[in-house]
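Given next are the chains, with one letter for each unit.
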Amino acid sequence: MLSTTLRTLRTRWVTFVGSFVALSLGVALIAVMGLALASSLDAPGRGPERFAAAPVIVKGQDTLEVPTPIGDRTQKLAQPRAVPDDAVAKLRDLGTVVEDRSFAVRSEGGPADLVGHPWSTAAFAPYQLDAGRAPEAADEVVVSGDWARPGTRVRTESGTVRVVGTVAGLGFENAVFYTDTRAAELSPRSLQLVVDADAAAVREAVRGSEAVQILTGDARRYADADPDRDSEALTAMNAMFGTAGGVTGFVSVFVVASTFAFAVAQRRREFGLLRTAGATPGQIRRMVVSEALAVGVLASAAGCVLGSYGAPVLAEWAVNESLAPRWFTIGDYTWPYHMAFWTGLFVALCGVLAASWRAGRTGPTEALREASVDTRPMTWGRWLFGAALLITAAVTLAFALVTNPGDLLQRKTYVSRPMLLITAVALLAPVLVRPLARLIAWLPAQLPGAGGMLVRENAAAGVRRTAAVAAPVLVTVALAGSLLGATATLNEAKTTEVREQTAADFVVTPAGDAGFDEATLKRLQAVSGAEVSASSSSAVYVLEDGMALIRSDARAVEPEPLAATARLPLTAGKVSDLDDDSIIVNEEWEKHAVGERVDVWLGDGTRKSLKIAAVMTIGTGNNGVYVTPRNAPAAPVDRVDVRLADGADTATVAAGLSQAVRASGGEVLTRDAWVRATYPETNRTTRMGFFLVLGIALIYTGISLANTMVMATSDRVRELAVLRLAGATRWQVLRMVGAEALMVVMVGGLLGALVAGLNLLGMWSALGLLSVWTSIEIPWATLAAAMGTCAVLAVISAVAPAGLSLRRRAVELAGTPE
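On a predicted model such as this, the values are computed, not experimentally measured, just so you know. The numbers attached to residues start from 1 for each chain and follow its sequence in the written order. Local features in this predicted model are restricted to residues whose pLDDT is 70 or higher, and side-chain atom pairs enter the listing and the counts only when it is 80 or higher, whereas totals over whole chains, interfaces and linings include all residues. Values shown for side chains rest on all heavy atoms present in the structure; no hydrogens or waters enter the calculation.

To continue, consider the overall build of the protein. Within the protein, the secondary structure is distributed over 24 helices and 23 strands. Each residue is placed in one exposure class: buried if its accessible area under a 1.4 Å probe, protein chains only, is under 20% of its type's maximum, exposed if it is over 50%, and partly exposed if it falls in between. A burial count over the protein gives 49% of its 818 residues as buried. Two residues qualify as a contact provided that any one of their heavy atoms is within 4.5 Å of a heavy atom in the partner residue. A separation of at least 24 residues holds for 80% of the contacts in the protein among residues at least 6 apart in sequence. Only the protein chains shown count as cover for residues, and the accessible areas themselves come from Shrake-Rupley with a 1.4 Å probe. Only carbon and sulfur atoms are counted for the fraction: they give 58% of the accessible area of the protein, which is about 36700 Å². Numbering of helices and strands starts at the N terminus; helices are DSSP runs of H or I of at least 4 residues and strands are runs of E of at least 2.

It is worth spelling out the pattern of salt bridges at this point. Any Lys or Arg side-chain nitrogen located within 4 Å of an Asp or Glu carboxyl oxygen qualifies as a salt bridge. All told, the structure shown has 18 salt bridges when counted by the stated rule. One salt bridge in this structure joins Glu99 and Arg101, with 2.5 Å as the shortest N-O distance. On the basis of relative accessible area, Arg101 is assigned to the buried category, the value being 8%. Arg162 is the salt-bridge partner of Glu140, the closest N and O atoms lying 3.1 Å from each other. Here Glu140 is found in strand β8 (residues 140-144), whereas its partner Arg162 is found in strand β10 (residues 159-167), with 22 residues between them in sequence.

Looking now at helix α8 (residues 281-320). Multiplying 1.5 Å by the helix residue count minus one yields the expected span of that helix. When the terminal C-alpha atoms of α8 are compared, their 56 Å separation across 40 residues agrees well with the 58 Å that a helix rising 1.5 Å per residue should span. Of all the bends in α8, the largest measures some 25° and sits at Ser308, one to four residues before the proline Pro312. Of the residues one or two after α8, Ser322 is the one with positive phi, at around 60°. Working definition for bend: take the seven residues up to and ending at a residue and the seven starting at it, fit an axis to each, and measure the angle between the axes.

By secondary structure assignment, the location of Glu588 is in the loop between β18 (582-586) and β19 (597-601). Owing to a relative accessible area of 52%, Glu588 belongs among the exposed residues under this scheme. Each C-alpha atom of the pair Glu588 and Asn623 lies 9.4 Å from the other, and the pair is 35 residues apart in sequence. Setting aside anything within four residues of it in sequence, one finds Glu588 in contact with Glu544 and Ile618.

Moving on, we get to the confidence of the model for the protein. With 83% of its residues at a pLDDT of 70 or more, the protein shows a mean pLDDT of 81. Confidence scores per residue from the predictor, reported as pLDDT, run from 0 to 100. The secondary-structure element of the protein with the lowest mean pLDDT is helix α24 (residues 810-814), recorded at 51, while strand β21 (residues 625-627) shows the highest, at 95.

To continue, consider the sheet that holds strand β4 (residues 97-100). With respect to topology, 4 strands assemble into an open sheet ordered β4-β12-β1-β13, the strand pairing being antiparallel. Looking at which strands have only one partner, the edges of the open sheet turn out to be β4 and β13 (212-215). Mean inter-strand twist for the sheet, computed between neighbouring axes without regard to direction, equals 25°. A strand pair is defined by DSSP finding two or more bridges across the two strands. A fitted line through C-alpha atoms represents every axis, and for helices the fit uses only the stretch in contact; the resulting angles, taken between N-to-C directions, go from 0 to 180 degrees.

Checked against the element boundaries, Thr68 lands in the loop between β2 (63-66) and β3 (73-76). Polar contacts here mean pairs of N or O atoms no more than 3.5 Å apart (in protein, one a potential hydrogen donor and the other a potential acceptor; neighbouring residues in sequence count only if both atoms are side-chain atoms). Only 2.3 Å separates the side chain of Thr68 from the backbone oxygen of Gly71, close enough to count as a polar contact.

Stacked, tilted and edge-to-face are the three classes assigned to paired rings of Phe, Tyr and Trp, where Trp is represented by its six-membered ring and a pair needs centres within 6.5 Å; plane angles under 30 degrees give stacked, over 60 edge-to-face, the rest tilted. In the structure shown here, the tally under the stated rule is 6 aromatic pairs. Seen from their ring centres, Trp764 and Trp773 are 5.5 Å apart, and the 65° between their planes marks the pair as edge-to-face. By way of ring pairs, the aromatic residues Trp119, Tyr127, Phe172 and Phe177 are connected into one cluster. Whether a charge sits over a ring depends on NZ of Lys or CZ of Arg being within 6 Å of the ring centre and within 35 degrees of the ring normal. Sitting above the plane of the Tyr222 ring, Arg221 keeps its charged end 4.4 Å from the centroid.

In this section: helix α22 (residues 730-769). With 40 residues, α22 extends 59 Å between its outermost C-alpha atoms, agreeing within 8% with the 58 Å of an ideal straight helix rising 1.5 Å per residue. At the exit of α22 stands Ser771, carrying a positive phi of roughly 70°.

Following both chains from N to C, one finds helix α12 (residues 429-440) and α22 inclined at 120°, their axes separated by 10 Å at the closest point. Accordingly, the angle class assigned to the pair α12 and α22 is oblique. The crossing of α12 and α22 is right-handed. On α22, the residues that touch Ala429, Leu432, Val433, Leu436, Ala437 and Ile440 of α12 are Met743, Met746, Val747, Leu750 and Leu751. Any residue outside Ala, Val, Leu, Ile, Met, Phe, Trp, Tyr, Cys, Pro, Asp, Glu, Lys and Arg is labelled polar, Gly included; the first ten of those are nonpolar and the last four are charged. For the contact of α12 with α22, the class distribution of residues is 11 nonpolar, no polar and no charged. Note on terminology: angles under 35 degrees are roughly parallel, angles over 145 are roughly antiparallel, angles of 65 to 115 are roughly perpendicular, and the others are oblique. Put simply, a crossing is left-handed when the front helix is turned counterclockwise from the back one by less than a right angle, and right-handed when it is turned clockwise.

Most of strand β22 (residues 637-644) sits inside the fold, with 6 of its 8 residues counted as buried. Two elements, strand β14 (residues 506-510) and β22, share 3 bridges in a ladder whose sense is antiparallel. Residue Phe506 lies in a different strand from β22, and its bridge partner there is Val642. Relative to β22, strand β15 (residues 530-544) is paired through 7 bridges, and the arrangement is antiparallel. Paired with Val532 across the strands is Val642, a residue of β22.

Looking now at unusual backbone geometry. Excluding glycine, residues mostly carry a negative phi; peptide bonds, for their part, are mostly trans. Here the residue pair Ala125 and Pro126 is connected by a cis peptide bond, since its omega of 0° sits within 30 degrees of zero. By secondary structure assignment, the location of Pro126 is in the loop between β6 (114-118) and β7 (129-132). Of note, the phi angle at Ala634 is positive, near 70°, even though the residue is not glycine. By secondary structure assignment, the location of Ala634 is in the loop between β21 and β22.

So, on to the side chain of Arg101. Inspection of the secondary structure puts Arg101 in the loop between β4 and β5 (103-104). A polar side-chain atom of Arg101 sits 2.5 Å from a polar atom in the side chain of Glu99. Here the side chain of Arg101 touches Ser187 through a polar contact of 3.0 Å, landing on its backbone oxygen.

Of all the 5 residues making up β18, 5 are buried; the element is thus mostly covered by neighbouring parts of the structure. Burial along β18 is two-sided: the face carrying Ser582, Ile584 and Asn586 and the face carrying Ile583 and Val585 are both buried. Pairing of β18 with strand β20 (residues 607-616) involves 5 bridges; the strand directions are parallel. Pairing of Ile583 across the sheet is with Ile612, part of β20.

Note on placement: Gly749 falls in helix α22. Along the chain, Gly749 and Ala784 lie 35 residues apart, while their C-alpha atoms are 9.6 Å from each other. If near-sequence neighbours (up to four positions away) are discounted, Gly749 is found in contact with Val473, Val477 and Met787.

Within the patch definition used here, like charges are joined within 9 Å and nonpolar side chains (Val, Leu, Ile, Met, Phe, Trp, Tyr) within 5 Å, considering only residues with over 30% relative accessible area and no salt bridge. Residues Trp380, Trp383, Val431, Leu432, Leu754, Leu758, Leu761, Ile776, Ile778 and Trp780 make up a contiguous nonpolar surface patch of about 980 Å² in total accessible area. Put simply, the parts of the chain that give the nonpolar patch at least two residues each are α10 (380-403), α12 and α22. The greatest single-element share of the nonpolar patch, amounting to 3 residues, is contributed by α22. Within the secondary structure, Leu754 is located in helix α22.

With that settled, consider the environment of Trp147. Note on placement: Trp147 falls in the loop between β8 and β9 (153-156). Judged by its relative accessible area of 24%, Trp147 is partly exposed. Here the alpha-carbon distance between Trp147 and Gly109, two residues 38 residues apart in the chain, equals 8.3 Å. Each residue touching Trp147, except ones within four places of it in the same chain, is listed here: Gly109, Gly110, Pro111, Leu114 and Val154. Reaching out from Trp147, the side chain makes a polar contact with the backbone oxygen of Ser144 at a distance of 3.2 Å.

Right under this line is the structure:
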């Protein structure tokens, strides 16, 4: 059979080239994602940056540590503690003490990530003046980089400043240095100090104080603005590449298996001839498996080579899009190549396994058949697996809705759940293809001429061919609709929550991170006709099941103003019952019965027992907790909700609020404008990760669609010749082929839309069970673009080979052996 296998590879080269292309690209995708994921597991060591020349740093406690039976659990504090005054006094006796401050600076014409510091800390990086002088007045600054020169005036949210000097940028920040006095006004709290003294003496001076940390050597990097950015970047990259790898791996496996199975199904008459010539079923099966093995080895090897070139391109793109840190490159790993190669070979063999069994059962009479009608497109195995996957998808969805609907809103769930349904619908597609094809082609079939009728009957008769060509379109549309539709629906639900819970007429927000000062708050409260509710962002930590330290975002606000300006989704209790000894929680908490007491840690790490005053619904997960300002120490007021008093004039109150915040900086927004400004969009990493997934899926399935279409059209040479002999012109045949391609794309699009609709319906049901009723958001523009791209590729891939074949005489084509 080896010689037969080699001759078959030579004579049916179009089919095998198609299988080779699909598999090599699939293996390349798996290799690229595997290399990217492996390279994102480790980060290079990083030393101190802002304090590389600092002798010793004394930092207030910024981490909560809670002992548990399985080890300490830690969380970052929402309000890190400052170094105690008595400790500062002792440190001043040892040497010079410099207070450090960092705060965001928003300017016109400057970088978006400007950060302000006191000038006295510049020497610890060290920064050195390369032009101008140090700042001496409150309106003078020194900037890093070359975006401004000495003498330039820059408008910021805290007033206009004049650049009097510049320092060379060091690469890790865009800095603005103020005088120490002005920096203290803009950022009153100092959380860390630089001490010019011996480290041992510093430790001795603060011995016994648990509220401070002593940082020396490489540990000084923990005093930088974002010491955990490398680990956070790794986590984000792992999530992005892991999601992309999982989805693209599924897509490639799905398409490769479908392509190989279709390639075998095309050869029914060939197998019938071999059976007539005396080949046994076992010989047929061994021949098919040998062909798959030969193509699989070559294509998998080629895919690994392509992957080695594609991975660096992906890494460069991720760095350029700021999805990966500047140090990210593809490392020297071998296991992704092994994984990709053996996965490709395994999928190729699995793709022909079931088909080879059917090929071995082909009877000699198949060689005598002239019609290519699929009389039995669904095998018992396909029925069994398709029905089992469909039932599994339905049962798991129902179980999640009953037990934990919030799980359906998690990214890992709405990314992975469509895969099960896509596979189930693809397996059952032959059952759905015939009625869909007849439905879509019903109107064209009623038009004069036989073209519409032929399109309908060809698609309905060649069920396997139609299903195989529609599979890539099904995957693309289902993924685009499910992933983008899920994020859009979830974002709309969060916006609905914000809108329904906000009863204020205006929302006032500060210009900087320091929040509103007391003077500004008094001016806002003095505005005639305004009922003011000032609140702060904080956090509360609770130990659940004695092992998990959970952080909940909290807002600190007085109960009466809160009741006037917010409509909390309460299931029990009253807002007015909130006091300094109580807390408002949501149903997600382990304890959430009104009157129960819970042990919590406040935003600064203080442990406290609070009584539950009221309970809210879980919602989309943004319903945190509410406490009084006394239980959010050191949390600055970062939002003021304002409700109009009875009879108050809207314009007058708005003008009064704007006047009140003019001196300190701030923005007055109407309720609707504030909701639009805080519209919860998908974070950039997740959004770009989805575009990466969908982009790769669209490109790969587009190539696979073109590939499968070429295979299918090349197999119909004799059929097209018969049409020519029956009197059809060359252009009539080409129009029919193009129309068939469009209809197959529509079939795949409808099946994909069905999958996406079922997934989004599950999310919508989960939101309803969580008391959030919103509309289902469908990304129509993206779906239309995907369908249009698939349609263009399908028509070109069908018409081009058909046109080339029709250049020969119809009599010659009719006699062409298959």
